[in-house]
Amino acid sequence: MQTVGILGGGQLARMLVLAGAPLGMRFLVVDQVDDACAGQVAPLIRADWRDFDALEKFARQIDVATFDFENVPAETAQWLAERTQVFPNPRALSTAQDRLAEKTLFRECGLDTPAFAKVDTREDLDAALRAVGAPAILKTRRLGYDGKGQFRLRSMADADAAWEALGANANGLILEAFVPFECEVSVVAVRGRDGEFRTWPLTRNWHSNGILSASLAPADIDPKLQAHAFELARVLAEKLDYVGVFALELFVHQGKLLGNEMAPRVHNSGHWTIEGAIASQFENHVRAVLGLPLGDTAALGRSCMLNWIGELPDARAILNESDGHWHDYGKSPRAGRKVGHATVRARDDASLAAALQRVGAALGRGQQIAPVIDALTKR
Ligand SMILES: Nc1ncnc2c1ncn2[C@@H]1O[C@H](COP(=O)(O)OP(=O)(O)O)[C@@H](O)[C@H]1O
Ligand SMILES: [Mg+2]
């Protein structure tokens, strides 16, 4: 019996535990808060990321460590890697923690990105705006998630407001050109310890206020573009000597791919794989970090994942569907917080669109679901 240690105890850790249990794996989770929701399904140690006494105890009890949370300090990941096996490796983690390093790496791998510039001072912001143009988005280089730590600038005139909002950030900023993309897609991929590389079918994503709202898989994307996205993900993974699951978020703009960011962990846009693929991202991440053979990433029909943000809607709208799947993360409601998701699966586009119509009507959430139905009926 092997024990997987997970740094971070949110819903991603919770779903890793649920996927790893049938494989006979034990888990030990460490988080900074007592009520981390993975603690409902696995033993939880409460510790700060720099509490090395607690982390020493954690390291002694596990065979391998991985992450639910990518912003674990790089020093902590390195410290841990000197005591136990850590996947993904600390270098991959630290690259993905910094939007500037990440986008620089994308370009080295042949993946184009939105125009961007480093911003450390108010003068830098003016220079960056001249170089990148407006509209643009000012982002913190580190610690941003779910659209947090971002300021959208419509024109040069918004520079003062943007600096007011984010200028005090000690970890540096990045200005990016705003991309009027056709759509957003993500590659969810897994690389084993032996270098075997697999991707799930491309996922199409819709965001609302910077937070993922809905995903559709397989995405309705030109097969050539899809193959190119998979190839870029493979190059990236090899360059980082990556082990485990990661997601590569892409914009499709003027028929071409632009790299937005990568997540060095299982990803919200891969939640549909729990029911919608032969092996889920969670199962394959556990398999990968333990050096086990990887499972098949092929899709089973069509899936739409709907995120529940802030509070859960009525579960019955999903449970009434013959192929509807409910996920309650066991978290208390809070504005902007991911508290659960649902996956609706069907054998073809028309049946998925029909099921989503019913769900949207039952929940009064037509707005969240409409773009997905629109995409399904257009392809
Ligand atoms: N340069 C950009 N152009 C257009 N939209 C963007 C850009 N950057 C971010 N967004 C939108 O905001 C969302 C969240 O931004 P992202 O950089 O992925 O940060 P987070 O770490 O919060 O996910 C993206 O999925 C996209 O919808
Ligand atoms: Mg993102």
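Preceding this paragraph is the structure being described.
Computed from a predicted model, the values in this text were never measured in an experiment. (Residues numbered from 1 in each chain as written. Chains lettered and ligands numbered in written order. Predicted model: local features only at pLDDT ≥ 70, side-chain atom pairs only at ≥ 80, totals over all residues. Heavy atoms only, no water.)

Undergrad: Quick question: what am I supposed to make of the site of ligand 1 here?
TA: Not every one of the 21 residues close to ligand 1 is listed here, only the nearest: K139, G147, E184, N260 and E261. The contact in question runs from an oxygen atom of ligand 1 to an N or O atom on the backbone of G147, over 2.5 Å. Against a free-state accessible area of 540 Å², the protein chains account for coverage of 95% of ligand 1. Broken down by secondary-structure element, the contributors of at least two residues to the shell around ligand 1 are β7 (136-140), β8 (150-153), β9 (173-177), β14 (244-253) and β15 (256-263). Among the residues making up the shell around ligand 1, the classes are represented as seven nonpolar, six polar and eight charged. (Near = heavy atom within 4 Å. Polar contact = N/O pair within 3.5 Å; in protein donor to acceptor, adjacent residues only side chain to side chain. Areas by Shrake-Rupley, 256 points an atom, 1.4 Å probe, with all protein chains shown as cover. Helix = DSSP H or I, 4+ residues; strand = E, 2+ residues; numbered from the N terminus. Nonpolar A, V, L, I, M, F, W, Y, C, P; charged D, E, K, R; others polar.)

Undergrad: Quick question: what am I supposed to make of the pattern of salt bridges here?
TA: Pairing is possible between side chains of opposite charge, provided their charged atoms come close. One pass over the full model with this rule turns up 27 salt bridges. Taking the shortest distance from any N to any O, the salt bridge between E238 and R234 comes out at 2.9 Å. With E238 and R234 both in helix α8 (residues 223-239) and four residues apart, the pair spans about one turn of that helix. Its relative accessible area of 40% is what places E238 among the partly exposed residues. Residue R234 is classed as partly exposed on the basis of its relative accessible area, which comes to 26%. If you follow the salt bridges from partner to partner, you end up with D34, R46 and D48 in one network. (Salt bridge = Lys/Arg side-chain N within 4 Å of Asp/Glu carboxyl O. Buried < 20%, exposed > 50% of the residue type's maximum accessible area, 1.4 Å probe, protein only.)

Undergrad: So what exactly am I meant to see when it comes to the sheet that holds β8 here?
TA: Sheet strands line up and pair through hydrogen bonds in the backbone, either parallel or antiparallel. Within the open sheet, the four strands sit side by side as β6-β9-β7-β8. Their pairing is antiparallel. The outermost strands of the open sheet, each flanked by one partner alone, are β6 (116-119) and β8. On average, each strand axis in the sheet is inclined to that of its neighbour by 20 degrees, with strand direction left out of account. Relative to β8, β7 is paired through four bridges, and the arrangement is antiparallel. Among the inter-strand pairings, A136 is bridged to a residue of β8, identified as L153. Sheet contacts for helix α6 (residues 122-132): β6, β7, β8 and β9; angle to β6, the most-contacted strand, approximately 175 degrees. (Pairing = 2+ DSSP bridges. Axes fitted to C-alpha atoms, helices over the stretch in contact; angles between N-to-C directions. Contact = heavy atoms within 4.5 Å.)

Undergrad: How should the coordination of the magnesium ion (ligand 2) be read in this particular structure?
TA: Ideal geometry at a metal gives 109.5 degrees between four tetrahedral donors and either 90 or 180 degrees between six octahedral ones. Protein coordination of the magnesium ion (ligand 2) is provided by E249 (OE), E249 (OE) and E261 (OE), with donor distances spanning 1.9 to 2.7 Å. Here the residue E249 occupies a position in strand β14, and E261 occupies one in strand β15, the gap between them amounting to 12 residues. Judged by its relative accessible area of 13%, E249 is buried. (Donors = N, O, S within 2.8 Å, 3.2 Å for Na, K, Ca; no water.)

Undergrad: Would you take a moment to explain the sheet that holds strand β5 (residues 85-86) for this structure?
TA: Taken together, five strands build an open sheet; the order of strands is β3-β2-β1-β4-β5 and the sheet is parallel. Looking at strand neighbours, the two that pair on one side only are β3 (44-46) and β5, the edges of this open sheet. Pairing between strand β1 (residues 3-7) and strand β2 (residues 26-31): five bridges, direction parallel. Counted as the bridge partner of L7 is V30 from β2. Of the strands in this sheet, β1, β2 and β3 touch helix α2 (residues 52-61), which is tilted by about 150 degrees from β1.

Undergrad: Would you explain the environment of L153 in this entry?
TA: Counting through the fold element by element, L153 comes out in strand β8. For L153, a relative accessible area of 2% corresponds to the buried category. Those residues in contact with L153 that lie beyond four places of it in its chain are L129, P135, A136, I137, L138, D158, A159, A162 and L175.

Undergrad: Explain α6 here, please?
TA: Side chains three or four residues apart in an α-helix point the same way, a direct result of the helix having 3.6 residues per turn. Taken as a whole, α6 has its buried residues at L125, A128, L129 and V132. Across the axial projection of α6, the buried residues extend over an arc of 100 degrees, all falling on one side. Facing away from the buried surface of α6 by more than 90 degrees, the exposed residues are E123, R130 and A131. Those residues of α6 hidden inside the fold are in contact with β6, β7, β8, α7 (159-166) and β9. (Arc of directions from axis to C-beta.)

Undergrad: Quick question: what am I supposed to make of the nonpolar core here?
TA: Residues I6, F27, W200, F282 and L290 are the most contacted members of the largest nonpolar core, which totals 36 residues. Listed by contribution, the elements that provide at least two residues to this core are β1, α1 (11-20), β2, β10 (183-191), β13 (211-217), β14 and α10 (281-289). Counting residues per element, this core draws most heavily on α1, at six residues. With residues near it in sequence (within four places) discarded, I6 still touches A13, L16, V17, F27, L28, V29, V30, F58, T66, F67 and D68. Grouped together as the second largest cluster of nonpolar side chains are 28 residues, L225, A233, F246 and M262 included. (Core = buried A, V, L, I, M, F, W, Y, C linked by side-chain atoms within 4.5 Å.)

Undergrad: Any chance you could explain unusual backbone geometry here in plain terms?
TA: A negative phi angle is the norm for most residues apart from glycine, just as the trans form is the norm for most peptide bonds. Omega for the bond connecting A134 with P135 falls within 30 degrees of zero, at 0 degrees, which places this linkage in the cis form. On the secondary structure map, P135 appears in the loop between α6 and β7. With an omega of -10 degrees, the peptide bond running from A217 to P218 counts as cis. Counting through the fold element by element, P218 comes out in the loop between β13 and α8. Of note in this structure, L143 is not a glycine but carries a positive phi near 70 degrees. Mapped onto the secondary structure, L143 falls in the loop between β7 and β8. We note that D241 has phi near 50 degrees; this positive angle belongs to a residue other than glycine. Examined against the element boundaries, D241 turns out to sit in the loop between α8 and β14.

Worth remembering: the numbers are spatial, not functional.
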